[in-house]
Structures are given as structure tokens and as C-alpha cells.
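Secondary and tertiary structure notes
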Amino acid sequence: MSLRFYDTSARQVRDFTPLHQGCASLYLCGATVQAPPHIGHIRSGVNFDILRRWLTYKGLDVTLCRNVTDIDDKIIRVAQAENVQWWAVAERNQRAFTAAYDSLGCLPPSVEPRATGHVPEMIELMRRLIDRGHAYPAADDSGDVYFDVLSFPAYGSLSNQRVDQMRASADSDSDRAKRDPRDFALWKGARPGEPSWDTPWGRGRPGWHLECSAMATKYLGTTFDIHGGGLDLVFPHHENELAQSSAAGDGFARYWLHNGLLTMSGEKMSKSLGNSLLIPEILRKVRPVELRYYLGQAHYRSVIDYSDDALREAAAAYQRIEGFLTRATEVTGPVEPAYRVPDSFAAALDDDLGVSQALAVVHGHVRDGNTALTEGAKERVADHVAQARAMLAVLGLDPLSAQWAGGDGSGLRDVVDALVAVALEQRQSARARKDYAAADGIRDRLLQAGVAVEDTPRGPRWELRRG
């Protein structure tokens, strides 16, 4: 099967053919860093990390550009409320996003540009749009520059909307010399106490949409393969990116991929609703790799409605995989991942990145591998381990990889291992003298501390449990 993705602009699944043979270019709308990330933000990072890994597995040299919006109305409002500099708000929250991406095993982007570092490129893009008749500086000398929506007949094509049914743009004041209330701001004139930069049309700061077009084309070229982001960005953000870049004469993105939202009780997860779940809070309930499994297990375009029960179920599913690999390698010794993934797994990911179907293949190998373990079929066990590790590596979930080896990721695994070993020796001594009550008491106290003990033919083994 050829590689196929659902393209938002075409509203159908399309065969993916890279612009340049052997290469793939991907722009992902990253964080607007007015606050630390919740799991709704990081879902996008996990989904597109899996996409990137699969494209790489398919033999493509992937360039991933994931931007940081470090100047924005929201950032400025937070800074004013806290009486700190806007850049301090942006810096601390960018670090929180980076830590979250890293903790969940997302590969670092090829480049991670900040908006404030690309003002010259934004000025040049505005100049091209003004020269082509698609943008105009405000007539009131405010420093605002607007995109003329009616000058671009294809406006609304990405989100499948009609211009005559659109509301006024909400990204700037409507009384500052707009020609049409639907026109959106490319540049916002300077205001007292706000950061600003010089342009030929006056001092000010960039609009959100302009930033991404300038950064995407600087690093990926005027035409590139894939533009990704959350479904909530289709309009107005991605619609406006597409309009301004196309109007300037750029080919821009050839495919548009959007991940579904993560909700709570059916409502979009957001700061305004007060229902956001920050990454450190969730990681007190499950391990980072289990959270990655939870966020990545569903189809990327589906809606995930968060609940603690669903999170625990995902963690348990991952632990079944982890438990098999741990038990199996105790029998077989170290087993490297297979060179190729099973055809059924590849077919699932080729078909619009069907991770849920791909994970079903993984769990099938785990079940068969457990059967082989019971039967003592060592070669079959090793084969299932190799196949499972190859698939899990593509998904960024291999528990035997350097990323996840060590279980809780705290750096204290060796210390815990030594302490648990002492307790298990005491338990074995109690069992040897037939003091089973004492032995059971030691096991129960370990379980209360989050250490689950399993008796095996090769002796007791343990693992950490949360939740």
C-alpha cells in the first residue's frame, strides 16, 4: 500500500508523494508560550512525532520545523498581570514545553525558530503582499498592516467556508482603518508599554498568522510537503497562513494534516475553562511512556475525551507489552529489534497513520509471545520480541530502548533495585522458614509502596506501579 494521508484542504485521503525524492519537509505549529503545556497541547507533538518516525522508517530524510510563538496578545497580558517582562513569560514556558516534549520521547525538531527572531522575513512578506495588492497599511498611521481578504478569491478554501458568511476578524481592533471587518492583521501598530519593532509602515509587532508563514518558508522553502497542527487551528490560523502565502506567490504546503482535540467531558481543554491538566500533574499518575501511549494510541484525527479511567487503562495496556518483553528477555537474553516491521503493521501506518490498528498488531505479537513463553518455545519467543521491538521503536514506545530503560525515569532505579533486593531476600528467608504471614506482609508493604512482586520459576521479579 502506498503512503496515504487525509488532507484537510482536499477533504479526502490522498497518496503522499514527497516534493523531493527521498526527502520530506514538515512544518508543525508549535507552542504559543503564554502558559505551561497541558496534555491537549502535547498530543499534537506526540502525533506528529509518530508521523516523523514513520516517514523516517520509510526511508525519507525528514526536516521538521516546529515554531515557537514567543510574542502574542496572550503573552503580553500574562506579563502585565504578573508585572514581569513579556520575554520572561515566553522563556519559562518554552522551557516547560521543551521539557514536556522530551519527557514523552518526542524527537527534537530539525529547527525550532522563534517568531521574534524572524521579523525581517515578516517585513519582506508584507512588502510582497502590499506590492501585489493583497495587503495595505492602515490609513490612520497606526502602524497596522492588514491582509485584504476580498482580494484573494480562494479565501476560505481550506476550512470550506464562504467569505460572505464569515464574521469579522477578532485579531485586531475593527476601528483602526480596516477596509473590511474580515481583513486580518499582518502587523499590529505599537501600543504603550508593549514590545515593538521598526517597519516601513511604523513600529509594531507581528500578527500570529504572519509569523508562521515567514518561518515555514524560510526553513522549508516556498513550497514544502506537510503543514501540521491541531484541528482548532484550521480557521482562522491556517486559513490565513495559506491565503497570505499563496497571495504572495508561494506554493506553500502541499498537504494539510490536523490532529483531533483532547477534551474533558466533551469540552475543549483550555485555560479559560479551567479544566486543563498540566504535564507534571499527569506524570504523578502514570509514567511518561504510559502517557505517550495514551496520547498516541487513538487515530490522530479522532477526539480523545480525557478521563482518569481511560488513562489507567492505557497504562495497563502498555504494562502488558512491557511485562512480556521483560519476561521474554529473561529467557532469551538480549534481542535486537527486527530489521523490518510486520506487513500488517506497515499497512496500518501507511493508511493515514492508523496507530490504533498498528497497536493491535503489537498486542497480537505479545499474546502469541506469551503463549510461546508458556510452551517454552525459546526461538518463537525471540522472534516475537524482535518483531514487537521493531514496531514499538517506530511508535517511540520500546521499553527496552535507551529512552525508557530504567522504568520510572527518575535516575534512582539502581538505588530502588538494591533496596527492593534486600526486602525480597527477607521475604525469601521468611518463606524458607515457612513464615508465610511475614512473607506476605513484606510483599503487601512493597505493593503499598508501588512495587509489585511476581514469583516466577526463575525467582521473584518486581516492577514499579502507579495509580
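Residues numbered from 1 in each chain as written. Predicted model: local features only at pLDDT ≥ 70, side-chain atom pairs only at ≥ 80, totals over all residues. Heavy atoms only, no water.

Concerning the overall build of the protein
Scanning the protein for helices and strands turns up 14 helices and 15 strands. Overall, the protein is about 90 × 55 × 35 Å in size when its C-alpha atoms are taken along their principal axes. Per-residue burial over the protein gives 52% buried out of 467 residues. The contacts of the protein with a sequence gap of at least 6 include a subset with a gap of at least 24, amounting to 74%. (Helix = DSSP H or I, 4+ residues; strand = E, 2+ residues; numbered from the N terminus. Buried < 20%, exposed > 50% of the residue type's maximum accessible area, 1.4 Å probe, protein only. Contact = heavy atoms within 4.5 Å.)

What about the sheet that holds strand E10 (residues 252-259)?
An order of E4-E3-E9-E10 is seen for the four strands of this open sheet, with the pairing classed as parallel. The two strands at the open ends of the sheet, each matched to only one other strand, are strand E4 (61-66) and E10. Going from strand to strand, the sheet's axes swing by 25° on average, the running direction of each strand aside. By the bridge criterion, six bridges tie strand E3 (residues 23-28) to E4 in an arrangement that is parallel. Residue pairing across strands places serine 25 opposite threonine 63, the latter belonging to E4. Running at roughly 175° to E10, helix H6 (residues 234-247) makes contact with E3, strand E9 (223-230) and E10 of the sheet. (Pairing = 2+ DSSP bridges. Axes fitted to C-alpha atoms, helices over the stretch in contact; angles between N-to-C directions.)

Thoughts on the sheet that holds strand E5 (residues 135-137)
Backbone-to-backbone hydrogen bonds pair the strands of a sheet. The strands run either parallel or antiparallel. Here four strands make up an open sheet; going across it, the order is E5-E6-E7-E8 and the pairing antiparallel. Single-partner strands in this sheet number two, and they are E5 and strand E8 (204-206). Neighbour-to-neighbour, the strand axes of the sheet open up by a mean angle of 20°, direction not taken into account. For E5 and strand E6 (residues 145-147), the ladder comprises three bridges, and the chain directions are antiparallel.

Let's talk about the UniProt feature "binding site: Zn(2+)" (unreviewed entry) in the protein
The UniProt feature table records "binding site: Zn(2+)" (unreviewed entry) at Cys29, Cys212, His237 and Glu241. The named residues occupy 213 residues along the chain; their greatest pairwise C-alpha distance, 11.1 Å, places them in one compact cluster. With respect to the helices, strands and loops of the structure, histidine 237 is situated in helix H6. Judged by its relative accessible area of 0%, histidine 237 is buried. (UniProt positions renumbered as here; feature names shortened; annotations may be inferred.)

So, helix H11 (residues 355-375)
For H11, spanning 21 residues, the distance from its first C-alpha to its last is 30 Å, which sits close to the expected 30 Å at 1.5 Å a residue. Those residues of H11 that sit buried are Val355, Ala358, Leu359, Val361, Val362, His363, Gly364, His365, Val366, Gly369 and Ala372. Of the residues flanking the end of H11, it is glycine 376, one or two places downstream, whose phi is positive at about 75°. (Expected span 1.5 Å × (residues − 1).)

Some thoughts on the packing of aromatic side chains
One pass over the structure, following the stated rule, counts 14 aromatic pairs. Ring plane angle 75° and centroid distance 6.2 Å describe the contact between tryptophan 54 and phenylalanine 345, whose orientation is recorded as edge-to-face. With tryptophan 54 in helix H1 (residues 39-57) and phenylalanine 345 in helix H10 (residues 343-350), this residue pair connects regions lying 291 residues apart in the sequence. Residue tryptophan 54 shares its accessibility class with phenylalanine 345, and that shared class is buried. One residue, arginine 66, lies across the ring of tyrosine 101, its end atom 3.7 Å from the ring centre. (Phe/Tyr/Trp six-rings, centres within 6.5 Å; stacked < 30°, edge-to-face > 60°. Lys NZ or Arg CZ within 6 Å of the ring centre and 35° of its normal.)

Focus: the nonpolar core
Counting 124 residues, the largest nonpolar core has Ile39, Leu55, Leu291 and Phe345 as the members making the most contacts within it. Setting aside residues no more than four positions away along its own chain, phenylalanine 345 makes contact with Trp54, Ala358, Val361, Val362, Met391, Val394 and Leu395. (Core = buried A, V, L, I, M, F, W, Y, C linked by side-chain atoms within 4.5 Å.)

Details of the pattern of salt bridges
Counted by the stated rule, this structure contains 30 salt bridges. In this structure, the salt-bridge partner of arginine 114 is aspartate 70, at a minimum N-O distance of 4.0 Å. Of this pair, arginine 114 sits in the loop between helix H3 (86-103) and helix H4 (119-131) while aspartate 70 is found in the loop between E4 and helix H2 (73-82), placing the two residues 44 residues apart along the sequence. Take arginine 114: its relative accessible area is 27%, and that puts it in the partly exposed class. One salt bridge connects aspartate 73 with arginine 205, and the closest N-O pair in it is separated by 2.5 Å. Within this pair, whereas aspartate 73 is found in helix H2, its partner arginine 205 is found in strand E8, the two being separated by 132 residues in sequence. (Salt bridge = Lys/Arg side-chain N within 4 Å of Asp/Glu carboxyl O.)

Some points on unusual backbone geometry
Following phenylalanine 235, the chain continues into proline 236 via a peptide bond in cis, with omega recorded as 5°. Looking at the element boundaries, proline 236 is found in helix H6. Although it is not a glycine, phenylalanine 252 sits at a positive phi angle of roughly 60°. On the secondary structure map, phenylalanine 252 appears in strand E10. We classify phenylalanine 252 as buried; its relative accessible area is 0%.

Re the packing of H10 against H11
Between H10 and H11, whose axes approach to 7 Å, the crossing angle comes to 170°. When the interaxial angle is binned, H10 and H11 end up roughly antiparallel. On H11, the residues that touch Ser344, Phe345, Ala348 and Leu349 of H10 are Val355, Gln357, Ala358, Val361 and Val362. Grouping the amino acids of the contact of H10 with H11 by side-chain chemistry returns seven nonpolar, two polar and no charged. (Parallel < 35°, antiparallel > 145°, perpendicular 65-115°, else oblique. Nonpolar A, V, L, I, M, F, W, Y, C, P; charged D, E, K, R; others polar.)

Some details on H1
If you check H1, its first and last C-alpha atoms are 26 Å apart, about what 19 residues at 1.5 Å a residue would give, namely 27 Å. Counted residue by residue, H1 has 16 buried out of 19 residues, so it is predominantly covered. Directly beyond the C-terminal end of H1, a positive phi value near 100° is found at glycine 59.

Details of the environment of arginine 127
Its place among the elements puts arginine 127 in helix H4. Exposure remark for arginine 127: the relative accessible area of 37% places this residue in the partly exposed category. Expressed as a C-alpha distance, the spacing of arginine 127 and leucine 353, which sit 226 residues apart in the sequence, is 39 Å. Ignoring sequence-local partners within four residues, the contact set of arginine 127 consists of Pro200 and Trp201.

Points about the side chain of glutamine 387
Inspection of the secondary structure puts glutamine 387 in helix H12 (residues 378-395). In this view, glutamine 387 contacts Ala338, Arg340, Val341, Pro342 and His365; residues no more than four positions away in its chain are not counted.

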